[in-house]
Amino acid sequence: MEPYRIKVVEPIPVTTRAQRERALRRVHYNLFGLRADEVTIDLLTDSGTGALSAAQWAAGMAGDESYAGSRSFYHFRDVVRDLTSYPCVLPVHQGRAAERILFSALLTPGRLTLSNTHFDTTRANVELTGCQTADLPCPQARDLDSDEPFKGNIDLHRLEAALRGPDASRIALVIMTLTNNGEAGQPVSMDNLARAASLCREHAVPLFLDAARFAENAWLVTQHEAAYRDMSPRQVAEQAFRMADGCMMSAKKDGIAHIGGLLGLRDRSLAERCELLLIATEGFPTYGGLAGRDLDMVAQGLTEVTEPGYLRARADAARHLARLTREAGIDIVEPPGLHALYLNAGRLLPHIAAHRFPGHALACQLYLEGGIRSVELGSLYLGSEDETGAPVRAAPYELVRLALPRRAYGLGHLNHVGEVLAATVKNKERIPGYRLVEQPPLLRHFRCKLEPVSD
Ligand code: F0G
């Protein structure tokens, strides 16, 4: 049972199949092109899509909109300091701004960053500074069906080998992503984080957390890591932050805010360099591209998000939808995390080759069947072709992510998703693959055009 009730409601669009067919044709079969009012259940992302609490709205009303020295900033800074222990706290408008500022201040061209898995914007921001990234996910992450609890871990052997290897002097930073969004939202254990931190200390390489979903990671630690069973999620989260030199955080996830992010740092000289970039590109350090009210809403969200009742209900909702998905005959990446389910479209649609995008085909079908918007994480997103359009690289897995906005959808909505999944599976042999008609040179999945094909 959710530990809250509904005070404000927002109607959701209910469309006919004919309307959805027309809409999908109009946007050239790219779900990013749909207008939100053509979508009934929007599971595109859990970022900035959560429902605020009454206390967050009230905090927003009390926001101080002064340009410099806003009361809201000092409140925000104290809340973040208390949670993370980082003395220097810089607000930013969202997570990727924290990435850009940190990497611009810390990295010089030719260096290397290591991670359990870099999120896409993290990787892009490292590369924009002329540096390279290497992902070192643990080997268990490769088995999508196993229910090992910490498949988001970093591979400690490879981390140690890299830190001792010939490229060691190029390594500028290690980033632990909690939870590991690039590996199906799987969590990182405290044991793994502690060992990674100790290797980083030994080799004098800074360790940063990408803490977008720090509370969900902490919840899963209390559920599955014996030494932490008697701790609260808040206590686990505090310990995790204390193991690192700083964090980048998108507050649009576990800040339960519509916008916001932050950079937390221990190193004051690094913080001063970041602050100059912040002023030049985001705003004065006491607002960092946000309104005063946003700072207060994030501060309140960061205190609510670790409440065990809230996290338990969120985990239960994800497990409920996971059960409906398996019952419909669709395999997911096991075990289900909290922020999303990842459907194994490659296994469901073996008649569609990688270059005909089985994940995209499933995502389109879920929209046509029941107005559900999801996102493909397969060969459309990760694969590539040569100049003639012939496929040269397929993704390792063909997945579809159903992300769960925080506090926005109830069990009735999830049951609808379950019915749509079941209806989709009934006619799965008839689901067509897709052909790329047009693609931009970068980040093609956002803007490409496709059409269904029968071969
Ligand atoms: N790090 C992680 C792990 C993320 O999942 C995201 C965003 C970011 C950083 C960037 O934060 O959007 O505030 O700039 N993830 C969203 C998603 C977009 O749908 O998974 P941002």
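Here, the structure is the one placed above.
Everything quoted here is computed from the prediction, not taken from an experiment.

**Digging into the site of the ligand**
(1) Moving on: Around the ligand, the surrounding shell holds 16 residues, and the nearest of these are Thr45, Arg96, Asp210, Ser250 and Lys253.
(2) Moving on: Between the ligand and Asn181 there is a distance of 2.9 Å, counted from an oxygen atom to a side-chain nitrogen or oxygen.
(3) Moving on: Within the side chain of Arg401, a nitrogen or oxygen atom sits 2.7 Å from an oxygen atom of the ligand.
(4) Moving on: Top contributing element to the shell around the ligand by residue count: helix α4 (residues 95-106), with three residues.
(5) Moving on: Taken together, the residues of the shell around the ligand break down into one nonpolar, eight polar and seven charged.

**Quick look at the environment of Gly182**
(1) Moving on: Topologically, Gly182 is positioned in the loop between β5 (171-177) and α7 (190-202).
(2) Moving on: Each C-alpha atom of the pair Gly182 and Ala408 lies 23 Å from the other, and the pair is 226 residues apart in sequence.

**So, the packing of helix α14 (residues 358-370) against helix α16 (residues 411-426)**
(1) Moving on: Two elements in contact, α14 and α16, have axes separated by 9 Å at closest approach and are oriented at 115 degrees. By the angle class used here, α14 and α16 are roughly perpendicular. For α14 against α16, the interelement crossing comes out right-handed. Contact with α14, carried on its side by Leu362, Gln365, Leu366, Glu369 and Gly370, involves His416, Val420, Leu421, Ala423 and Thr424 of α16 and no other residues of that element.

**Topic: the packing of aromatic side chains**
(1) Moving on: Counted by the stated rule, this structure contains seven aromatic pairs.
(2) Moving on: Where Phe73 meets Tyr74, the ring centres are 5.2 Å apart and the plane angle is 70 degrees; that geometry is what we call edge-to-face.
(3) Moving on: Under the relative-accessibility criterion, Phe73 is labelled buried at 7%.
(4) Moving on: A centroid spacing of 5.4 Å and a plane angle of 55 degrees characterise the contact between Phe214 and Phe241, whose relative ring orientation is tilted. Of this pair, Phe214 sits in helix α8 (residues 214-224) while Phe241 sits in helix α9 (residues 233-242), placing them 27 residues apart in sequence. The pair formed by Phe214 and Phe241 is uniform in burial state, with each residue classed as buried.
(5) Moving on: Taken together, the ring pairs connect Tyr67, Phe284 and Tyr287 into an aromatic cluster.
(6) Moving on: The ring centre of Tyr310 lies 6.0 Å from the NZ or CZ of Arg407, which sits over that ring.

**Remarks on the nonpolar core**
(1) Moving on: With 58 residues, the main nonpolar core has Leu159, Leu193, Leu209, Phe214 and Phe241 as its most contacted residues.
(2) Moving on: Once residues within four sequence positions are removed from consideration, Phe214 is found in contact with Leu83, Leu178, Ala237, Phe241, Met249, Asp254, Leu302, Val305 and Thr306.
(3) Moving on: Judged by nonpolar contacts, the second largest core, of 45 residues, contains Ala23, Ala345, Leu349 and Ile352.

**What to know about the pairing of strand β2 (residues 88-92)**
(1) Moving on: Within β2, five of the five residues are buried, leaving the element largely enclosed by the surrounding structure.
(2) Moving on: Across the two faces of β2 the burial is the same, with Cys88, Leu90 and Val92 and Val89 and Pro91 all buried.

**Topic: the pairing of strand β6 (residues 207-210)**
(1) Moving on: Along β6, one buried face is formed by Leu207 and Leu209 and the opposite face, lined by Phe208 and Asp210, is buried too.
(2) Moving on: Bridging between β5 and β6 involves four bridges; their strand directions are parallel. Its bridge partner being in β6, Thr177 is matched across the sheet by Asp210.
(3) Moving on: With α7 bridging β5 and the parallel β6, this β-α-β connection has right-handed handedness.
(4) Moving on: Pairing between β6 and strand β7 (residues 246-250): three bridges, direction parallel. Within β7, the residue paired with Phe208 across the bridge is Gly246.

**Some details on the sheet that holds β6**
(1) Moving on: Pairing within the open sheet is mixed, and its seven strands lie in the order β2-β8-β7-β6-β5-β3-β4. The sheet is open, and its two borders are formed by β2 and β4 (132-135), each paired with just one other strand. Ignoring strand direction, the axes of neighbouring strands in this sheet form an average angle of 20 degrees.
(2) Moving on: Two strands pair when backbone bridges link them, and strand β3 (residues 112-115) and β5 are joined in this way by four bridges, in the parallel orientation. Directly across from Leu114, in β5, lies its bridge partner Val174.

**Comments concerning helix α12 (residues 308-328)**
(1) Moving on: In a regular helix each residue adds 1.5 Å, so 21 residues correspond to 30 Å; α12 covers 30 Å between its end C-alpha atoms and thus fits that length.
(2) Moving on: Here α12 has its buried residues at Tyr310, Leu311, Ala313, Arg314, Ala315, Ala318, His320, Leu321, Ala322, Leu324, Thr325 and Ala328.
(3) Moving on: The inward-facing, buried residues of α12 contact α8, α9, α11 (292-304), β9 (340-344), β14 (399-403) and α16.

Calculation notes
Residues numbered from 1 in each chain as written. Predicted model: local features only at pLDDT ≥ 70, side-chain atom pairs only at ≥ 80, totals over all residues. Heavy atoms only, no water. Near = heavy atom within 4 Å. Polar contact = N/O pair within 3.5 Å; in protein donor to acceptor, adjacent residues only side chain to side chain. Helix = DSSP H or I, 4+ residues; strand = E, 2+ residues; numbered from the N terminus. Nonpolar A, V, L, I, M, F, W, Y, C, P; charged D, E, K, R; others polar. Axes fitted to C-alpha atoms, helices over the stretch in contact; angles between N-to-C directions. Parallel < 35°, antiparallel > 145°, perpendicular 65-115°, else oblique. Left-handed = near helix turned anticlockwise from the far one by under 90°. Contact = heavy atoms within 4.5 Å. Phe/Tyr/Trp six-rings, centres within 6.5 Å; stacked < 30°, edge-to-face > 60°. Buried < 20%, exposed > 50% of the residue type's maximum accessible area, 1.4 Å probe, protein only. Lys NZ or Arg CZ within 6 Å of the ring centre and 35° of its normal. Core = buried A, V, L, I, M, F, W, Y, C linked by side-chain atoms within 4.5 Å. Pairing = 2+ DSSP bridges. Right-handed = clockwise from strand over helix to strand, strands pointing away. Expected span 1.5 Å × (residues − 1).

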